[in-house]
Amino acid sequence: MKRIAVLTGGGDAPGLNAVIRAVVKTAINEYHCEVFGIRDGYDGFITPGGVVPLDLAAVRGILPRGGTILGTANRGNPFARKVIRDGQEMIVDVSNDVIAAIFSLHLDAVIVIGGDGTLRIAQELYQKGVPVIGVPKTIDNDVGGTEVTFGFDTALTIATEALDRLHTTAEAHHRVMVLELMGRDAGFIALHAGVAGGADVILIPEIPFRYEAVLRKVRQRVERGSNFSLIAVSEGAKPLGGTQVFRQPGDAIYVPRLGGIGQQVAEYIQSQGFESRVTVLGHIQRGGTPTAFDRWLATRYGAAAVRAAAAGEFGSMVALQNAQVITVPLAEALAVPKRVDLQGDAIRTARGLGISFGDDWS
Ligand code: F6P
């Protein structure tokens, strides 16, 4: 193995720079490799100045930094790229140009750090002969094949701190505070932060809720002497028989943007006579320095990705299982998206604590 490349794609997540640093250091120190960084996801392969050499100096000091020194793109799918031709906007497949660029760089491996969408593209490129290794990233924690993605712990920590802060103001004003959290179609951030931050109600996409059940919990708390409540809502949560709430519809390039369910829950609670406010935590969950756990996991993932490349384990993804970093086939990891296990101990624990999921159990 002489030359490898690394890229970051999709939404950013705390720990991306820690992976890049580990890839560069391991490749240089252990394998005496040349490393190239690809700017702005797959786009960098086909845009001028998109391929940059990465040496030890390039990654100095980046371990605690949020974002990614390489930039990222969540519209950079080479199989469906938006271009302007003859003044007309159109979607074209530029994957052959990307593959040609990869081959002309004589790369022995391409390490792709991304979530579901970016890793799916990696898998397609692998099927066309590109030697890829995936690294699972996302605050949503929704990638299969691994117990956890890096970035999740930081998002969860920020969300928990937000709940702690809302707790004191909720109590002071006797209000119902609703916190809308990210996670797309997976409820991990709301569930874990909700338990860690002492939420009274947690609404997640995996459990459609009933407004009446949410209200019942708020009322029950008042009856028991707590005239305030905390509600953690996943952006992808939806009422039973209803639909998710979107801020922006999707198109051929962008997935639809979720958002707004927190406002609807707060308005309903307010309409029932309980003063309520909503906070949408948004991209604060993704920005800034990674937690120690995410730095630790991201570093292990980066080093393991280089070892997997050296061993020729292409078409695989590094993953955490039983506290060990291993590799799993990308196809296997992507086969089923990870969702909250409704029979798992986390849900059971929360129910045992009296937390309502807005369903009939509550
Ligand atoms: O996948 C990560 C994530 O932050 C989701 O939780 C959220 O729905 C989405 O990305 C937001 O995307 P964007 O950065 O395009 O607003």
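Residues numbered from 1 in each chain as written. Predicted model: local features only at pLDDT ≥ 70, side-chain atom pairs only at ≥ 80, totals over all residues. Heavy atoms only, no water.

Things to note about the packing of aromatic side chains
A complete count under the given rule lists three aromatic pairs for this structure. A ring pair is formed by Phe 209 and Tyr 211, whose centres lie 5.1 Å apart and whose planes are at 80 degrees; its orientation type is edge-to-face. Exposure class is identical for Phe 209 and Tyr 211. Each is buried. Here the aromatic cluster, defined as three or more aromatic residues joined through ring pairs, consists of Phe 209, Tyr 211 and Tyr 268. Taking NZ or CZ as reference, Arg 221 lies 5.0 Å from the ring centre of Phe 228, over its face. (Phe/Tyr/Trp six-rings, centres within 6.5 Å; stacked < 30°, edge-to-face > 60°. Buried < 20%, exposed > 50% of the residue type's maximum accessible area, 1.4 Å probe, protein only. Lys NZ or Arg CZ within 6 Å of the ring centre and 35° of its normal.)

Observations regarding the nonpolar core
The biggest cluster of nonpolar side chains holds 67 residues, and the ones touching the most others in it are Ile 4, Ile 111, Ile 113, Val 135 and Phe 150. When residues in this core are grouped by element, the largest group, nine residues, is from helix α4 (residues 152-173). Here this core gathers at least three residues from each of two domains, domain 1 (3-150 + 290-321) and domain 2 (154-287 + 341-352). Setting aside chain neighbours within four positions, we find Ile 113 in contact with Val 6, Leu 7, Thr 8, Gly 9, Leu 16, Val 19, Ile 20, Thr 118, Val 135, Lys 137 and Phe 150. Residues Val 98, Met 317, Ala 319 and Ala 333 belong to the second largest nonpolar core, which totals 28 residues. (Core = buried A, V, L, I, M, F, W, Y, C linked by side-chain atoms within 4.5 Å. Helix = DSSP H or I, 4+ residues; strand = E, 2+ residues; numbered from the N terminus. Domains from an automatic or database assignment. Contact = heavy atoms within 4.5 Å.)

Looking at the domain arrangement of the protein
Interfaces are often sized by the amount of accessible area the parts lose when they come together. Entries for the protein in the domain assignment read domain 1 (3-150 + 290-321) and domain 2 (154-287 + 341-352). Taking only C-alpha atoms, the centre of domain 1 and the centre of domain 2 are 33 Å apart. In this complex, domain 1 contributes 17 residues to the contact, which on the side of domain 2 involves 16 residues. Linking domain 1 to domain 2 there are three salt bridges. Close ionic contact of Asp 251 with Lys 82 constitutes a salt bridge, the shortest N to O distance being 3.9 Å. Summed over the shared surface of domain 1 and domain 2, the number is four residue pairs in polar contact (both at pLDDT 80 or more). Its residues placed into classes, the side of domain 1 that touches domain 2 shows six nonpolar, four polar and seven charged. (Salt bridge = Lys/Arg side-chain N within 4 Å of Asp/Glu carboxyl O. Polar contact = N/O pair within 3.5 Å; in protein donor to acceptor, adjacent residues only side chain to side chain. Nonpolar A, V, L, I, M, F, W, Y, C, P; charged D, E, K, R; others polar.)

So, the packing of helix α1 (residues 16-31) against helix α8 (residues 292-310)
The description of two packed helices rests on the angle between their axes and on the distance between the axes. Running from N to C, α1 and α8 cross one another at 40 degrees; their axes reach a closest spacing of 8 Å. Taken together, the axis directions place α1 and α8 in an arrangement best described as oblique. Between α1 and α8 lies a crossing of right-handed hand. Residues Ala 18, Val 19, Ala 22, Val 23, Thr 26, Ala 27 and Tyr 31 of α1 touch α8, and the partners they reach there are Arg 295, Ala 298, Thr 299, Gly 302, Ala 303, Val 306, Arg 307 and Ala 310. Among the residues forming the contact of α1 with α8, the class breakdown is 10 nonpolar, three polar and two charged. (Axes fitted to C-alpha atoms, helices over the stretch in contact; angles between N-to-C directions. Parallel < 35°, antiparallel > 145°, perpendicular 65-115°, else oblique. Left-handed = near helix turned anticlockwise from the far one by under 90°.)

Some words on the pattern of salt bridges
Tallied over the full model, the rule gives 13 salt bridges. Here Glu 34 and Arg 3 are joined by a salt bridge, their closest N and O atoms 3.2 Å apart. Here Glu 34, found in strand β2 (residues 34-38), pairs with Arg 3, found in strand β1 (residues 3-8); they are 31 residues apart in sequence, far enough to count as distant. Judged by its relative accessible area of 43%, Glu 34 is partly exposed. Each member of the salt-bridge network shares a partner with another, and the members are Lys 82, Glu 89 and Asp 251.

Section: the site of the ligand
The ligand sits among Asn 74, Ile 139, Asp 140, Met 182, Gly 183, Arg 184, Glu 235, Arg 257, His 283 and Arg 286. Between the ligand and Asn 74 there is a distance of 3.3 Å, counted from an oxygen atom to a side-chain nitrogen or oxygen. For the ligand, an oxygen atom lies 2.6 Å from a polar atom in the side chain of Asp 140. Of the residues assigned to the shell around the ligand, the class counts are two nonpolar, three polar and five charged. In this structure, the shell around the ligand is formed jointly by two domains, domain 1 (3-150 + 290-321) and domain 2 (154-287 + 341-352), each of which donates at least three residues. (Near = heavy atom within 4 Å.)

Things to note about the sheet that holds strand β6 (residues 109-114)
Spatially, the seven strands line up as an open sheet ordered β3-β2-β1-β6-β7-β14-β15, and their pairing is mixed. Edge positions in the sheet fall to β3 (51-53) and β15 (324-329), since each of these pairs with one other strand and no more. Across the sheet, the mean angle separating the axes of adjacent strands is 30 degrees when strand polarity is ignored. Note: β1 against β2, five bridges, orientation parallel. Residue Val 6 lies in a different strand from β2, and its bridge partner there is Gly 37. (Pairing = 2+ DSSP bridges.)

Considerations on the sheet that holds strand β8 (residues 176-181)
If you walk across this open sheet you meet the four strands as β9-β10-β8-β13, and the pairing is parallel. Looking along the sheet, the strands with just one partner apiece sit at the ends: β9 (201-203) and β13 (276-280). Each neighbouring strand pair of the sheet contributes to a mean axis angle of 15 degrees, computed without reference to strand direction. When β9 meets strand β10 (residues 229-234), the two strands line up parallel, connected through three bridges. When the sheet's bridge partners are listed, Leu 203 is paired in β10 with Val 233. With respect to the sheet, α4 is in contact with β8, β10 and β13, its orientation differing from that of β8 by roughly 165 degrees. The strands touched by helix α5 (residues 188-196) within the sheet are β8, β9 and β10, with β9 carrying the most contacts at an inclination of about 170 degrees.

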